[in-house]
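Next come the chains, spelled out residue by residue.
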Amino acid sequence: MENKIIKGFSKLSRIEKLKYLGEISGKGEQIEADLDYFRLNDLEQQSLLDEISENTLSNFFLPFGIAPNFVINNKVYHLPMVTEESSVIAAASRSAKFWADKGGFHAEIVSVEKTGQVHFLWNGKSDRLKLAFPELKKELMCATHGLTTNMRRRGGGILDLSLIDMSHEMENYHQLHVSFNTLDAMGANFINSCLEMMASTLETFIRSQVDWTDEEHECEIVMSILSNYTPDCLVKCWIECDIKDLDDVFDGMTGEVFANKFLKATQIAELDVYRACTHNKGIMNGVDAVALATGNDFRAVEANAHVWASQTGKYKSLTKAEVSDGRFRYELKLPLALGTVGGLTKLHPLAKLGLELLGDPSAKDLMMMTAASGLANNFGAIRSLVTTGIQHGHMKMHLSNLLNAFNANKAEKLMAKSRFAKSTVSYSEVENFLNTIRNTK
């Protein structure tokens, strides 16, 4: 069947969607069988998952694992992580174990403000709008009073509201810049509801100014939306110890040599954008995995981190290392807007479980745990880079994936793991090994 634009796909039943996809793919009933295989037998739970997104046909599974023994601010946590990449959980676990008897991970919340904006066009003298802003601000706060009641009762709500003239960047362009504290909620819906109410109030206010011209009464709301960049929702996490305590990092390398190589590696990530990108990706391996496991928006987390890494105008490392006075210190500072209520946090059964395993933390606690996971993964990656090389450990972890790709049976897997225990793992080497043992049978 020739591919063509289909109208009303979302209105089709699941069976009708599968039939259509089977026809255009040429797989017929096979596609239905494949997608049915990964659906839950529990129809109530499956219905819940189906309603999370749109046009849902099946479930796409990713491994849900645990990185144990994270000592964070003198408390032990076992972090839930969801990732498809080999060695991420292993690296986090190894780093957690290494630092557990060296004081563990230290973390603190720097600030918890989130931001939203009303973007609008207004053709008038900026001084006139600025002069009216104190009165406008009162009306905007009053208009959102009902929306913020529950949040204010718990100690959050709208923190501040400012007017920004951006007409030097685009003709007639202005912003309402609003800061929020959404407590344990990520707060996207709350923030957007407040902003849309403000936008409507802004239009009414501008039209009601009796001494303004007809031109000044015109206000075009372009959009009202939260920002996923949260430079004032910030967490700091660090590890530190005496340099002599690093003597056990790698056989044949003193703690001093290791610390100085580590320092140079992190300095390179500050100087070179190619290295900085990969360096920060290693951090996000851990951050994203915990965000996913707790039902948080990892795409927003990623975008936030990378803008922060570019705040100086040049993309740089998110971490800083220091070696001085016989001490080693490694720090991550990261804008991180997470929630432990609302969204998928209690709706998705595994996200709910992930939070329960962490003791149902507050959003602030989860920020610190997530930052520790990111720092642990990054420390593990640099530790490997400056000692054995990254492939030694990573490809060992990837061996299982390669064996599965070649449909290796249990006996072949055992022989392969023995064969590659102390040698380099690569696609071609694994393929050659399997071909050899299969040809000798």
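Residues numbered from 1 in each chain as written. Predicted model: local features only at pLDDT ≥ 70, side-chain atom pairs only at ≥ 80, totals over all residues. Heavy atoms only, no water.

J.: Looking at this structure, I do not really get the overall build of the protein. What am I missing?
T.: Of regular secondary structure, the protein possesses 15 helices and 10 strands. Put simply, the protein has 441 residues, and 43% of those count as buried. Across the protein, the 47 positively charged side chains and the 55 negatively charged ones have centroids separated by 7 Å. (Helix = DSSP H or I, 4+ residues; strand = E, 2+ residues; numbered from the N terminus. Buried < 20%, exposed > 50% of the residue type's maximum accessible area, 1.4 Å probe, protein only. Lys, Arg positive; Asp, Glu negative; His and termini not counted. Charge placed at Lys NZ, Arg CZ, Asp CG, Glu CD.)

J.: Looking at this structure, how should I read the packing of aromatic side chains?
T.: Each aromatic ring pair is specified by the distance between its two centres and by the angle formed by the two planes. Throughout the structure, instances matching the rule amount to 16 aromatic pairs. Each ring, one from Trp99 and one from Phe328, has its centre 6.3 Å from the other, and the planes form 15 degrees; the classification is stacked. Here the residue Trp99 occupies a position in helix H4 (residues 88-100), and Phe328 occupies one in strand S10 (residues 327-335), the gap between them amounting to 229 residues. Judged by relative accessible area, which is 0%, Trp99 ranks as buried. One Lys or Arg, Arg299, reaches over the ring of Phe298 and ends 4.9 Å from the middle of that ring. Directly above the aromatic system of Phe420 lies the positively charged group of Arg419, at a separation of 4.6 Å from the ring centroid. (Phe/Tyr/Trp six-rings, centres within 6.5 Å; stacked < 30°, edge-to-face > 60°. Lys NZ or Arg CZ within 6 Å of the ring centre and 35° of its normal.)

J.: Would you mind going over the domain arrangement of the protein with me for this structure?
T.: Where interface size is quoted, it is often the accessible area lost as the parts come together. The assigned domain composition of the protein is domain 1 (9-51), domain 2 (68-108 + 237-389), domain 3 (111-227) and domain 4 (394-440). On a C-alpha basis, the centroid separation for the pair domain 1 and domain 2 is 38 Å. (Domains from an automatic or database assignment.)

J.: Help me understand the nonpolar core in this model?
T.: One finds Phe70, Trp99, Phe105, Leu246 and Phe328 to be the most contacted residues of the largest nonpolar core, which totals 61 residues. The element that contributes the greatest number of residues to this core is helix H12 (residues 363-385), accounting for 10 residues. Core analysis: the second largest hydrophobic core is formed by 26 residues, Phe120, Phe205, Ile206 and Trp212 among them. (Core = buried A, V, L, I, M, F, W, Y, C linked by side-chain atoms within 4.5 Å.)

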